[in-house]
Amino acid sequence: MASAPPVELDAQYRQLREEAGLLERGDRGVIAVTGPDGAEYLQGQLTNDVEALAPGEGQYSALLDRKGHMQADMRVLRPAGEEILIDTEAAALPAALKHLTMYSIGRDVSVADASQERSILSLIGPRSAEVAGAPPLPEDACEALGVAGTECLAVGTREGIDLICAAADAERLAAALREAGAADVSPEAVELLRIEAGVPRFGAEMGTETMPAEAGIVEQAVSFTKGCYIGQETVARLHYKGRPNRHLRGLKLSGQAEPEAVLRLGEKEVGRLGSAAVSPALGAIGLAIVRREAEPGAELSVGEDGVTAEVAALPFG
């Protein structure tokens, strides 16, 4: 995808910060988990307390391997007692679907890829709920609503509201949201808000060699009071008895840089750049998981083009 021109990106940024932007999330995959054993089954697979969710609630969670490395991060929604929806990065969908299908054998639960049947439309910005004609929802809370004559599941987000609808209804719903005042924005503009907020993304900062503590998502994604789940021993040991060797950090860049650029502290490689953007508010910034010796205030070299980065604690000040 071509980058949005700077002037256009600035206009989209203002739309997201002041009004309501609209983005269809083709970058997300949806898994439907149904049946009486659904919550109990997921309780033993995911890092968060799925069984504690009441209908209308949701949470952030992750799927790990047995060594505590992430295979996917996800939003877990419980619209009804025997219906659970999981949405995750499209890049993580095949592994998550394969795992959750494989281990469901022998349980009264169905795991299915619903990505082709459902679409996610994100409204982002302070007018999001107003445009949708929906009440403001806490983050990850969900509620079945009729929006512009379309039945959908409304989900609270950090910056607005997501609407999950039948894929066949997505175009009609998007047109109605535009009519109500939303303006189309690019994935690049929405990524800019994520980077400013210091939120890691699977496939960028996080990958299959990342542990939740390294990505700074333990508080949101991990329950230490539920029963066993895959990878629990490593996560608990690191939380109670150690500290990670790597941490998610912000980077204040001296210029534009490309993802995967090598980050060095002196002569030592300490990580690779995850994401980068030029923020109208903060200038050139990025996110990366770096070794712990790259503390806030340290200066790193970025790639081979003379760009430097000041390591910053998150969120950006």
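Residues numbered from 1 in each chain as written. Predicted model: local features only at pLDDT ≥ 70, side-chain atom pairs only at ≥ 80, totals over all residues. Heavy atoms only, no water.

S.K.: Which parts of the structure should I look at to understand the overall build of the chain?
M.R.: Along the chain, the regular secondary structure elements total nine helices and 18 strands. The principal-axis extent of the C-alpha atoms belonging to the chain is close to 55 × 50 × 30 Å. Within the chain, the proportion of its 317 residues that are buried is 51%. For the chain, the share of sequence-separated contacts (at least 6 apart) that also reach a separation of at least 24 residues comes to 66%. (Helix = DSSP H or I, 4+ residues; strand = E, 2+ residues; numbered from the N terminus. Buried < 20%, exposed > 50% of the residue type's maximum accessible area, 1.4 Å probe, protein only. Contact = heavy atoms within 4.5 Å.)

S.K.: Just checking my understanding: could you explain unusual backbone geometry for this structure?
M.R.: Most peptide bonds are trans, and most residues other than glycine sit at a negative phi. In the segment running from Leu-314 into Pro-315, the intervening peptide bond is cis, with an omega of 0°. When you line up the elements, Pro-315 lands in the segment after strand E18 (307-312). In the Ramachandran plot, Asp-140 falls in the positive-phi region, its phi being about 75° despite a non-glycine side chain. Tracing the backbone through its elements, the reader meets Asp-140 in the loop between helix H4 (128-132) and strand E8 (142-147). With relative accessibility at 12%, the residue Asp-140 sits in the buried group. We note that Ala-148 has phi near 55°; this positive angle belongs to a residue other than glycine. Position of Ala-148 among the secondary structure elements: in the loop between E8 and strand E9 (150-156).

S.K.: Whenever I open this one, the layout of surface pockets confuses me. Can you help?
M.R.: A water-sized probe, rolled over the atoms, reveals where empty space remains. Of the voids in this model, the second largest pocket is the one considered here, and its volume is about 250 Å³. Lining the second largest pocket are 17 residues, and of these Glu-205, Thr-210, Arg-246, Arg-272 and Ile-289 lie nearest its centre. Contributing elements (two or more residues each) for the lining of the second largest pocket: strand E14 (268-272) and strand E16 (283-291). Looking at the lining of the second largest pocket, its residues break down into six nonpolar, five polar and six charged. (1 Å grid on protein atoms, 1.4 Å probe; cavity = no way out; pocket = protein on both sides within 12 Å on 5 of 7 lines; lining within 4 Å. Points joined across faces, edges and corners; volume = space filled by probe spheres on them. Nonpolar A, V, L, I, M, F, W, Y, C, P; charged D, E, K, R; others polar.)

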